[in-house]
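# Summary of the model geometry
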Amino acid sequence: MYWPIGAPKIYAASNSKIDTSRTYELEDDAESRETTDGSGSLLNAPSAGSEEEQEEDLEPLSTPMTPITPGIKPVEHDFQRGQSLRAGDHDEGIFKSTEKEPLLALRISRTGHLFAVITATSLTIWQTKPTAILAVVIRSKKSLNTYGSNVSLLVRPDSAIFVVQTTHGYLITYTLATDPDARVFRPHFSSHTSSQTRRHSNFSGARGQGGDRILWGAGEGGGVREVSVRFRMVIKVDAGIGKALALDEELVVATQKPAAVQCIRWTPDNAGHQTSTELFNRMEWLPKKTSVTEMIYDRPMNLSCWITIDGKSYAVQRLHTKPGDLPQKLFRGYCFHTPQNPDSQAIKAAINARFSLIAVGCQDGTIQVYTARNYVGDIPISHLHRVSVSSHSSGALTCLSYSPDGYCLFAGYENGWATWSVFGKPGATSFGIDRRISEGYEERWLEGVKDASWLGGGSELLIVSRQDDRIWTLEMARSAITGCYTSANISRTLLQTTESVMIYRGYDLPDLSTISAEASLWHTAQVPSSYLVDQWPIKCSVISADGRYVAVAGRRGLAHYSVNSGRWKTFVNENMENEFQVRGGMCWYQHILIAAVEVGNSFELRLYSREATLDNSLVLHIQALPSPVVLIALSGEDSLLVYTYDNLLYHFIITSTADSVKLIQVGQIAFHGIVRSPARVRGLSWILPDEQLLEGDPSQDVAVATVLFLVDGKLVLLQPSLNEERKLKYDMRVIAQNVEFYALMRDLPFASPPKSSETSIENLDGDQNVAEGTGLRDSLWIFEGTDMKVWTDVQDVLRSAPSELARDLPPMASIPVDFYPLSVLLGKGLLLGLEPDLVQRRDVNFAFFRFTIRTHLFIPHILRFHLSRFDSSAALHLAHQYRHLEYFAHSLEILLHNVLDEEVDTSPSPENALLPGVLSFLSSFPQYLDIVVQCTRKTEVRSWRTLFTYLPPPQELFEESLQRGSLKTAGGYLLILHTFEELSSSSEQLVRLLSRAKDEGDWELCKELARFLTALDETGATLMEALEMVNLRSPNDERQTSSFMFEGSRLKMTADEAQIAALIVPGV
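Just so we're clear, the structure is a prediction, and the values are computed from it rather than from any experiment.

## What about the overall build of the protein chain?
- Summing up its helical and strand segments, the protein chain has 24 helices and 57 strands in all.
- Across the 1068 residues in the protein chain, those meeting the buried criterion constitute 56%.
- Restricting the contact set of the protein chain to residue pairs at least 6 apart, pairs at least 24 apart contribute 57%.
- Carbon and sulfur atoms make up 48% of the accessible area of the protein chain, which totals about 45400 Å².

Written out as structure tokens, the structure is:
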């Protein structure tokens, strides 16, 4: 669901000469720092609690002043005595070398407002929006000689402490202090006025004045902050650092000799303890002789993943024991990945909390993904990601990272990178580039990755290339489903980028226009800069079911857009915009926007009219809720389902009058003990019996509704029933795994095929019952990461789902696709999706990404599914729903072609062959003869024998084509006759066809027949004789011999016929 778009932005430290009088070398206390020898010994860390405590602890360490970043004024102005800091009296070469040093690591803060990079000698801290350098720490020669050069970087999640790991086994820590009100840069234009600029608000204390804001970019409303970086302390790890991890409360270090894990608290606990250690050989769940080479931690899952030197992976949790407990156990873990060979040894890992997955990158470049079902070791294999090139071409895996919403996996390699959807659909990749072009233009981001991080909630990707001093920022377009799971976002493709939304408008166009890949089918709307300047990034976007309206929500507030008028509406009063944030999603009911919002400590559903100004006084309705909303979903014509964090599902009816719209609660369902974690629910629908929909009381819907939950990657069905006490209970069954999204067609009225205006649809064989059934109007579609699958009737699933029946679920039709599908165009028989495309041109000195529209006909696959189950009536009903499509005959041709190719290769027994049933089915349609001919033209001759085993002789099909007047089709059977039989046996048919073509004035067909005869006999004698027999011979032609094909009288032609013959064969 992620597609790179455009060319990346490039950021790097200035290459201009640094003013050495304003730059200070930082020696990191190299002169006075004393380290304690001994295995695994650590220096006591000073407190990092309050600012006052920090200043007191830093005072004895003689902390030097922050190195001055060019263009940024430091916070402190006084020098401390005895500090190891020299200004102006240093080697200028070190600064020249840092300008072009390759970047070694990239880390980003939890909130994403800061990120940092290191080189071998420096640490640079950047602000994300606006993207600018806040501070640079350049280490002196003495510091480098004492501690070694930089090799790795750690950032405490709140970005208050930065830790640099060095080659000599040291951890150098720096503190970062910020002033929320201080800014080092803010644009100001004193003479600028703009009547279009929104009123100024002092909310957050960081807004610009008047027209200054009009030139600010997305997320740049806060300006460039002023920060202070101070050296904090040096930690010496004598045991050798295998891997280190910075967490909120502590620094976790895996040592090598002895192999152990040490936890260093940033501040001492209540008992004054600050460090704790546990040897690996004391951990029962680890081998006796091992060491840890990789550690990652995921806060939402409260889970770590360790990789040991033997290539095994462990799911690990921190144990919180009381001081003095013996033996002291710090961690508990379970091995879930055991390599079967050296190629499958783990080297990298990533955790996906949204889908409860753990991805393990192996030596051979493959990525094995596991499902974390619980915290006690039940972590089975789920699926596998594999790059499109060999491991030799890709190089070793260097980084692995899931997008914040979990829908995309990015993998960086030594020679390129690749992306996949969460359950395995390949996405964009840099493998396959023309390396001569990329090397010529120094586009290192395509040639290999050193490190990468997601930015802006997944809207951008930061990439650090190998042997490169630049940071590349790649913008991503992503489906609106990732942030707001609604039926409208599934039925109509809506993409959101950093600053805009893109709407696909081909749904309402004619059939052939829909399958076009023209860029004009996209409608791009730029989100107002006045909204983005403070509310970037866009977290949620939603489109209306009819495609007329779009709404977006960022950090706070919301804005909405009319596709027809091209106008946005935002809050005029910024205080109103900033008082709430959308939490739980949005949806459109006609022109009414329903938003689940959080206002302080209260939670509400708000109804806004598209026709009214965005203002709190003009809100149509406010519905208070006791807890935050997980998601909202429309169902049926006027029902709204609201699922909350307290595990309750509320059912509201939307009632409207001439002057108001209100929500009326008519029921609720408690899922306590059924859904364990409400936060993991991604999608929600319910299915009501038809009689309840037509005549039932809405207040009783909750008692009879079957509920569909999408939890992580599992589609769960909850069916109501009564227990022995006549109380409502729910039977739960997981009906699908690895689900990226699902579409319940009864919730998508605009996706349904149009009903025929005729009262009855008459079968070609005279049967009047073809129109019976529901077709695909009650189908359930599921995308499982590789193929799109569908239950053609969800009622079959409901009848099989109860566990007490012990029935298997009905089979699903599978539709393979080679692109990522986004929506089902049910009325057009198409799957619509996108495919990334990397463009490299020699006349353009940069590469860029774009995406192209892809469509795939699902009609042949559904028809084959019905025919394979010997359900020809369902196949006929489905086919007649789509018979009006211009490409319907092509769909039937694809069906025949696919079945024929498979049976030619597999040679099934006659009783198991599907081809006879397919041919019998095709004979019900008037295009039957054309379909067979078109199929033979696109298959090898060896397949014709298999095909005509179940068909009448070609001679009969030729005659039938002539009778129907399908002369071109008859010409196709003429070629088959020629292939199957001797040439002379098809001569009579050729003359008859040529004569009919001449009589009907089909000169194009005459030309084709003439070329056919010329190919048979290069002398032209056969052609001339055929022309004679149909009164198309030149009067000057007095040939004395006849050809080997034709015998009979030679007829003369008139002058007009001679001219016609000249059109067919020049020279006649």
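## Some remarks on the nonpolar core
- Leu715, Tyr742, Trp781, Phe858, Leu896 and Phe921 are the most contacted members of the largest nonpolar core, which totals 155 residues.
- Listed in part, the 26 residues of the second largest apolar core include Ala116, Leu123, Tyr147 and Tyr174.

## Digging into the side chain of Ser430
- Inspection of the secondary structure puts Ser430 in the loop between strand S28 (426-429) and helix H5 (435-440).
- Within the local environment of Ser430, its side chain forms a polar contact with the backbone nitrogen of Trp417, the two atoms lying 2.9 Å apart.
- Among the polar contacts listed, one links the side chain of Ser430 to the backbone oxygen of Leu446, at a separation of 3.1 Å.
- Not counting the four nearest positions on each side in its chain, Ser430 is found in contact with Gly416, Trp417 and Leu446.

## A short note on the confidence of the model for the protein chain
- For the protein chain, per-residue confidence averages 84 on the pLDDT scale, and residues scoring 70 or more make up 82% of the total.
- The low-confidence segment residues 752-773, where pLDDT is below 50, has 36 contacts with residues more than four positions distant or belonging to other chains.

## Notes on the sheet that holds strand S17 (residues 292-298)
- The 4 strands are arranged S17-S18-S19-S20 in an open sheet whose pairing can be described as antiparallel. At either margin of the open sheet sits one strand with a lone partner, and together these are S17 and strand S20 (331-337). Between one strand and the next, the sheet's axes are offset by a mean angle of 25°, whatever the strand orientation.
- Sheet analysis places S17 next to strand S18 (residues 303-308), joined by 6 bridges and oriented antiparallel. Its bridge partner being in S18, Asp298 is matched across the sheet by Leu303.

## Section: the packing of helix H19 (residues 954-964) against helix H20 (residues 967-980)
- The geometry of H19 relative to H20 is characterised by a closest axis approach of 8 Å and an angle of 165° between their N-to-C directions. Comparing their axes, H20 and H19 come out roughly antiparallel. Judged by the twist between their axes, the crossing of H19 over H20 is left-handed. Listed contacts from H20 to Pro954, Gln955, Leu957, Phe958, Ser961 and Leu962 of H19 are Leu967, Thr969, Ala970, Tyr973, Leu974, Ile976, Leu977 and Phe980.
- Classifying every residue of the contact of H19 with H20 by side-chain character gives 11 nonpolar, 3 polar and no charged.

## Re empty space enclosed by the protein
- Scanning the entire structure with this criterion turns up 8 cavities of 30 Å³ or more.
- Volume-wise, the largest cavity comes out at about 110 Å³.
- The wall of the largest cavity is formed by 13 residues, among which Thr486, Ser487, Leu684, Ser685 and Asp747 lie closest to the centre.
- Mapped onto the lining of the largest cavity, the elements with two or more residues apiece are helix H6 (487-491), strand S43 (629-635), strand S47 (681-687) and strand S51 (741-744).
- Looking at which element gives the most residues to the lining of the largest cavity, the answer is S51, with 3 residues.
- For the lining of the largest cavity, the per-class residue count stands at 9 nonpolar, 3 polar and 1 charged.

## What to know about helix H16 (residues 915-922)
- Within the span of H16, buried status applies to Leu915, Val918, Leu919, Phe921 and Leu922. Around the axis of H16, the buried residues are gathered within 160° of arc, so they sit on the same side.
- Elements that come into contact with the buried residues of H16 comprise helix H13 (859-868), helix H14 (872-881), helix H15 (888-906), helix H17 (928-937) and helix H18 (942-949).

## Focus: the environment of Asp511
- If you trace the backbone, Asp511 turns up in helix H7 (residues 511-514).
- Sequence-distant contacts of Asp511, defined by excluding residues within four places in its chain, comprise Lys828, Leu885, Glu886 and Tyr887.

## A word on the pairing of strand S56 (residues 830-839)
- Of the strand pairs in this sheet, strand S55 (residues 820-825) and S56 are connected by 5 bridges, and their pairing is antiparallel. Across the sheet, residue Leu825 finds its bridge partner in S56, namely Leu830.
- If you look at the hairpin formed by S55 and S56, you'll find 4 residues sitting between the two strands, and Gly829 has a positive phi there, around 70°.

## Some points on the sheet that holds strand S10 (residues 161-166)
- Ordered by their spatial adjacency, 4 strands build an open sheet running S9-S10-S11-S12, and the pairing between neighbours is antiparallel. The open sheet has two edge strands, strand S9 (150-155) and strand S12 (224-236), and neither has a second partner. Averaged over all pairs of adjacent strands, the angle between their axes in this sheet comes to 25°, without regard to strand direction.
- Alignment of strand S11 (residues 170-185) against S12, held across 11 bridges, turns out to be antiparallel. Residue pairing for S12: Ile172 is matched across the bridge by Val234.

## Examining the packing of aromatic side chains
- The full count for this structure, using the stated rule, is 38 aromatic pairs.
- Between Tyr643 and Phe709, the ring centres sit 5.2 Å apart and the planes meet at 55°, which makes this aromatic pair tilted. Note that Tyr643 is positioned in strand S44 (residues 639-644) and Phe709 in strand S48 (residues 706-711), a separation of 66 residues in sequence.
- Judged by its relative accessible area of 1%, Phe709 falls in the buried class.
- Both rings, one in Phe846 and one in Phe848, keep their centres 6.3 Å apart while their planes meet at 55°; by these two values the pair is tilted.
- Residue Phe848 is classed as partly exposed on the basis of its relative accessible area, which comes to 22%.
- One aromatic cluster is present, built from ring pairs that chain together Phe280, Trp285, Trp306, Tyr314 and Phe331.

## Some thoughts on the pattern of salt bridges
- By the definition in use, this model includes 38 salt bridges.
- Two residues, Lys236 and Asp238, come together in a salt bridge whose shortest N-O distance is 2.7 Å.
- When its relative accessible area of 26% is taken as the criterion, Asp238 is described as partly exposed.
- As a salt-bridge pair, Asp731 and Lys729 come within 3.0 Å of each other at their nearest N and O atoms.
- One connected set of salt bridges, linked through shared partners, spans Lys243, Glu294 and Lys348.

## Here we look at the environment of Ala913
- One can find Ala913 in the loop between H15 and H16.
- Look at Ala913 and you get buried, because its relative accessible area is 13%.
- Counting along the chain gives 10 residues from Ala913 to Glu903, while the straight-line C-alpha distance between them is 7.3 Å.
- Apart from residues no more than four positions distant in its own chain, Ala913 is found in contact with Glu903, Pro908 and Tyr950.

## A few points about the state of the cysteines
- Evaluation of the coordinates by the stated rule reveals 0 disulfides.
- No disulfide involves Cys484; its nearest neighbouring cysteine sulfur is the one of Cys540, lying 3.7 Å away.

## What to know about the environment of Asp343
- Along the chain, Asp343 falls in the loop between S20 and strand S21 (346-352).
- Sequence spacing of Asp343 and Cys362 is 19 residues, and the spatial spacing of their C-alpha atoms is 6.6 Å.
- Every residue in contact with Asp343, bar those within four places of it in the chain, is listed here: Cys362, Gln363 and Asp364.

## What about unusual backbone geometry?
- Here the amide bond leading from Lys257 into Pro258 is cis, since omega sits at -5°, within 30 degrees of zero.
- Tracing the chain through its elements places Pro258 in the loop between strand S14 (250-255) and strand S15 (260-265).
- Put simply, Trp536 and Pro537 share a cis peptide bond, and its omega is 5°.
- Within the secondary structure, Pro537 sits in the loop between helix H8 (529-535) and strand S35 (540-543).
- For Ser907, which is not glycine, the phi torsion reads 50° and is therefore positive.

Parameters and conventions
Sequence order as written defines the numbering, with residues in each chain counted from 1. Only residues with pLDDT of 70 or above have their local features reported here, since the model is predicted, and side-chain atom pairs are shown and tallied only from 80 upward, although totals for entire chains, interfaces and linings are computed over all residues. With hydrogens and water stripped out, all remaining heavy atoms of the structure feed into the side-chain values. Think of it this way: any DSSP run of H or I at least four residues long counts as a helix, any run of E at least two long counts as a strand, and we number them from the N terminus. Type-normalised accessible area, obtained with a 1.4 Å probe on protein chains alone, sets the label of each residue: buried when under 20%, exposed when over 50%, and partly exposed for intermediate values. Two residues form a contact once any of their heavy atoms are found within 4.5 Å. Here, Shrake-Rupley sampling with a 1.4 Å probe gives the accessible areas, and only protein chains in the shown set may cover a residue. Definition used in this section: a nonpolar core is a set of buried Ala, Val, Leu, Ile, Met, Phe, Trp, Tyr and Cys residues joined via side-chain atoms within 4.5 Å. N or O atoms closer than or at 3.5 Å make up a polar contact, with two conditions inside protein: a donor-capable atom paired with an acceptor-capable one, and, for residues adjacent in sequence, both atoms drawn from side chains. What pLDDT reports is the predictor's confidence in each residue, on a scale of 0 through 100. Two strands are said to pair when DSSP picks up at least two bridges between them. Inter-axis angles, ranging from 0 to 180 degrees, are taken between N-to-C directions of lines fitted to C-alpha atoms, where helices are fitted over the stretch in contact. For classification purposes, angles smaller than 35 degrees are called roughly parallel, those larger than 145 roughly antiparallel, those between 65 and 115 roughly perpendicular, and all remaining angles oblique. Two helices cross in a left-handed way if the nearer one is turned anticlockwise from the farther one by less than a right angle. They cross in a right-handed way if the turn is clockwise. The nonpolar class holds Ala, Val, Leu, Ile, Met, Phe, Trp, Tyr, Cys and Pro. Asp, Glu, Lys and Arg form the charged class, and all remaining residues, Gly among them, are polar. In this analysis the probe radius is 1.4 Å and the grid spacing 1 Å, with only protein atoms considered; a cavity is a set of points the probe fits into but cannot get out of, a pocket is an open set with protein on both sides within 12 Å along at least five of seven lines, and lining residues have an atom within 4 Å of a point. Grid points are joined across faces, edges and corners, and a volume is the space filled by probe spheres set on the points. Working note: the arc is built from the helix axis to C-beta atom directions. In this scheme Phe, Tyr and Trp rings, the latter by its six-membered ring, pair at centre separations within 6.5 Å, and the angle between planes marks the pair as stacked below 30 degrees, edge-to-face above 60, and tilted otherwise. We count a salt bridge whenever a side-chain nitrogen from Lys or Arg sits within 4 Å of a carboxyl oxygen from Asp or Glu. The disulfide definition used here is simple: a pair of cysteine sulfur atoms within 2.5 Å.

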